[in-house]
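Structure at a glance
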Amino acid sequence: MSSKNTESSEITSKDQPAPQAVRTRGAGSARSIANLTKDTSNPKDGINPNLNFTNVTSPENIQEDKKQEDEKSSSLVTVLIAVGANVIIAIAKTVAAFMTGSASMIAESAHSWADAGNGTLLIVAEKKAVKPADNSHPLGYGKESYVWSMIAAFGVFMAGSIVSIYTGITEWNAPETETNYTIGFIILAVAFVLEGFSLVQAYLQSKKHGQAINVSALGYVVNTSNPTLRGVFFEDLAAVIGLVVAAAAMGMHAYTGEPFWDALGSIIVGILLGMVAIFLINRNRDFLVGYKVSEKTHCYILTELLNHPDIDSVSYLHLEWVGPKKIFMVAAVDIAGNQQEQQIAQKFEDIENQFRANPLFQEAILTLSVPNAEILRLPDDQCA
């Protein structure tokens, strides 16, 4: 499967119209709506071990609480490493910028200070997103992660891109002066090592999770629902490329004696940061407005519903990311056998609790299918 489809595909059957999401509910209606407003801070409440979630390989490979906690911890470590590296690098680059007067070095120092601030915002995003659901936020606070990650990306654009481009433009026609870039090259070399280490850390984390769903590290980090990992990865990637550009620009200035090379390097770094910022802003916007899961994830969950002994068929399935590794599910199903209204309500409650016990789900709500509704089937070519 291509990386493009990792977490971005159709939610429902192409023949199934979206309006059925608000169709008349059966016996489980009032109870399901009430469940949506209750505190789900402890997903283990009401766990039923009958649902094993092992019929299909989990596309996110997070079938256990421990795995999810390990992933959160590794994401936080990745951010902390990036922030620490950026603070050290920013201080060193600032000193070098004052000593050399290089436009490219000024741009790089602005870039590192922006990245340090953005990393701090990503840590805030990690902390905010794990707050448990409550009455005012029944689906939890997972989308806080996208809000703070978007603010961080906007910070890259403002503090990094604009400052770098402006510096390059103002220094384009600067008079030639004698320059000694030795300290600048030393700082860039040290920064390259530190930024490279942070990038490798983010890459290895992405590779590990990508292998679980058979996609590349880059494919995973582009499409993952984890904005922190994506932000750190692309900021570090931009930083490494920017360091190479800055070193080349300073080298050309020293070799030719033409100051516009240094200014050009600053402008290129600014454009690079702007492109990364726009990409990150767009990805966070996607998840904020309601992002659909991948075909593989959709097939995985539909399979679990269809294989459940108490479910005859599924006529509607809505799956939406409401936070990093957190899905909101609404499904219209037909219960097996002829049961009384009270029995159906209890059956819905049991099945919903089984899904809530899986850390992949923030909330799960079931409702009865309307009579003669077209049922959903598993297409072999998509769920293999």
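This section reports on the structure supplied with the text. For clarity, every value in this text was computed on a predicted model and none was experimentally measured. Residue numbers here run from 1 along each chain, matching the order of that chain's written sequence. For a predicted model such as this one, the threshold for reporting local features is a pLDDT of at least 70, and the threshold for listing and counting side-chain atom pairs is 80 or more; totals across whole chains, interfaces and linings nevertheless cover every residue. Calculated side-chain values reflect all of the structure's heavy atoms, with hydrogen atoms and water omitted.

**Remarks on the overall build of the protein chain**
Working definition: helices are DSSP H or I runs of at least four residues, strands are E runs of at least two. Numbering for both runs from the N terminus. Scanning the protein chain for helices and strands turns up 11 helices and four strands. Any residue under 20% of the maximum accessible area for its type is buried, any over 50% is exposed, and the rest in between are partly exposed; the area is computed with a 1.4 Å probe on protein chains only. The buried share of the protein chain, reckoned over its 384 residues, is 50%. Looking at the protein chain alone, contacts between residues at least 24 apart form 79% of all its contacts between residues at least 6 apart. Areas reported here follow the Shrake-Rupley algorithm with a probe of radius 1.4 Å; residue values treat only the protein chains shown as occluding. When the accessible surface of the protein chain is split by element, carbon and sulfur atoms take 60% of a total near 17,100 Å². Any two residues whose heavy atoms approach within 4.5 Å are treated as being in contact.

**Describing the environment of tyrosine 291**
Here tyrosine 291 lies in strand S1 (residues 291-292). The exposure class of tyrosine 291 is buried, given its relative accessible area of 13%. Expressed as a C-alpha distance, the spacing of tyrosine 291 and leucine 319, which sit 28 residues apart in the sequence, is 8.8 Å. Here arginine 283 takes part through its side chain, which lies 3.5 Å from a polar atom of the side chain of tyrosine 291. Within 3.5 Å is the distance limit for a polar contact, defined as a pair of N or O atoms, with the added protein rule that one can donate a hydrogen and the other accept it, and that residues adjacent in sequence qualify only through two side-chain atoms.

**Section: the side chain of serine 149**
Structurally, serine 149 is set in helix H4 (residues 144-170). In this structure serine 149 comes out as buried when scored by relative accessible area, which is 4%.

**Quick word on the nonpolar core**
With 28 residues, the main nonpolar core has Leu305, Leu317 and Met329 as its most contacted residues. If you list the elements that add at least two residues to this core, you get helix H9 (295-307), strand S2 (311-323), strand S3 (326-335), helix H10 (341-356) and strand S4 (361-368). Discounting chain neighbours no more than four positions away, the residues touching leucine 305 are Ile311, Val314, Leu317, Met329, Ala331, Phe355 and Leu366. By size, the runner-up hydrophobic cluster in this structure holds 26 residues, among which are Ile123, Val240, Val245 and Ala277. As used in this record, nonpolar core signifies buried Ala, Val, Leu, Ile, Met, Phe, Trp, Tyr and Cys residues forming a set joined through side-chain atoms within 4.5 Å.

**Points about H10**
Helical geometry: 3.6 residues make up each α-helical turn, so side chains three or four residues apart lie on a common side. Here the expected span of a helix is defined as 1.5 Å times the quantity of residues minus one. The first and last C-alpha atoms of H10 sit 23 Å apart over 16 residues, in line with the 22 Å expected at 1.5 Å per residue. Buried residues of H10: Ile344, Ala345, Phe348, Glu349, Ile351, Glu352, Asn353, Gln354, Phe355 and Arg356, and no others.

**What to know about the packing of aromatic side chains**
Aromatic rings from Phe, Tyr and Trp, taking only the six-membered ring of Trp, are treated as a pair when their centres fall within 6.5 Å; an angle between ring planes under 30 degrees marks them as stacked, one over 60 as edge-to-face, and anything in between as tilted. Under the criterion given, the structure shown has eight aromatic pairs. Arranged with centres 5.6 Å apart and planes meeting at 45 degrees, the rings of tryptophan 172 and phenylalanine 260 form a pair that is tilted. With tryptophan 172 in the loop between H4 and helix H5 (182-212) and phenylalanine 260 in helix H8 (residues 260-288), this residue pair connects regions lying 88 residues apart in the sequence. Connected via pairs of aromatic rings, a cluster forms that spans Tyr146, Phe287 and Tyr291. Its guanidinium or amino end placed over the ring of tyrosine 141, lysine 131 lies 4.2 Å from that ring's centre, counting from NZ or CZ. Comment: the charge-over-ring label is applied if NZ (Lys) or CZ (Arg) is within 6 Å of the ring centre and within 35 degrees of the ring normal.

**Focus: H8**
Helix length check: H8 (29 residues) gives 42 Å between terminal C-alpha atoms against 42 Å at 1.5 Å per residue, within 8%. Trailing H8 by a residue or two, glycine 290 shows a phi angle of about 105 degrees, which is positive.

**Details of the pairing of S2**
Summarising burial for S2: 11 of the 13 residues are buried, a large majority. For two strands to pair, DSSP has to find at least two bridges joining them. Across two bridges, S1 lies against S2 in antiparallel orientation. The residue of S2 that forms the bridge with tyrosine 291 is tryptophan 321. Between the antiparallel neighbours S2 and S3 lie two residues, among them lysine 325 with a positive phi of about 60 degrees.

**Regarding the pattern of salt bridges**
Counted as salt bridges are all cases of a side-chain nitrogen of Lys or Arg within 4 Å of a carboxyl oxygen of Asp or Glu. The final tally for this structure, using the stated rule, is seven salt bridges. With a shortest N-O distance of 2.7 Å, lysine 93 and glutamate 108 are connected by a salt bridge. With a gap of 15 residues between them, lysine 93 in helix H2 (residues 65-100) and glutamate 108 in helix H3 (residues 103-129) connect regions that are remote in the sequence. Among the ionic pairs, aspartate 310 bridges to lysine 347, the shortest N-O distance being 3.7 Å. One end of the pair, aspartate 310, is in the loop between H9 and S2; the other, lysine 347, is in helix H10, and 37 residues separate them in sequence.

**A closer look at the packing of H3 against helix H7 (residues 227-256)**
Fitted lines through C-alpha atoms serve as axes, helices being fitted only where they are in contact, and the angles separating the N-to-C directions of these axes extend from 0 to 180 degrees. Interaxial distance between H3 and H7 falls to 11 Å at its minimum, and their mutual angle equals 170 degrees. Here H7 runs roughly antiparallel to H3, going by the angle between their axes. Two secondary-structure elements touch here, H3 through Ser104, Met105, Glu108, His111, Asp115, Asn118, Leu122 and Glu126 and H7 through Thr228, Gly231, Val232, Glu235, Ala238, Ala239, Gly242, Leu243, Ala246, Ala249 and Met250. Three classes are used, and their members are as follows: Ala, Val, Leu, Ile, Met, Phe, Trp, Tyr, Cys and Pro are nonpolar, Asp, Glu, Lys and Arg are charged, and the others, Gly among them, are polar. Grouping the constituent residues of the contact of H3 with H7 by class yields nine nonpolar, six polar and four charged. By definition in this entry, angles of less than 35 degrees are roughly parallel, angles greater than 145 are roughly antiparallel, angles of 65 to 115 are roughly perpendicular, and the rest are oblique.

Nothing here speaks to function; it is all geometry.
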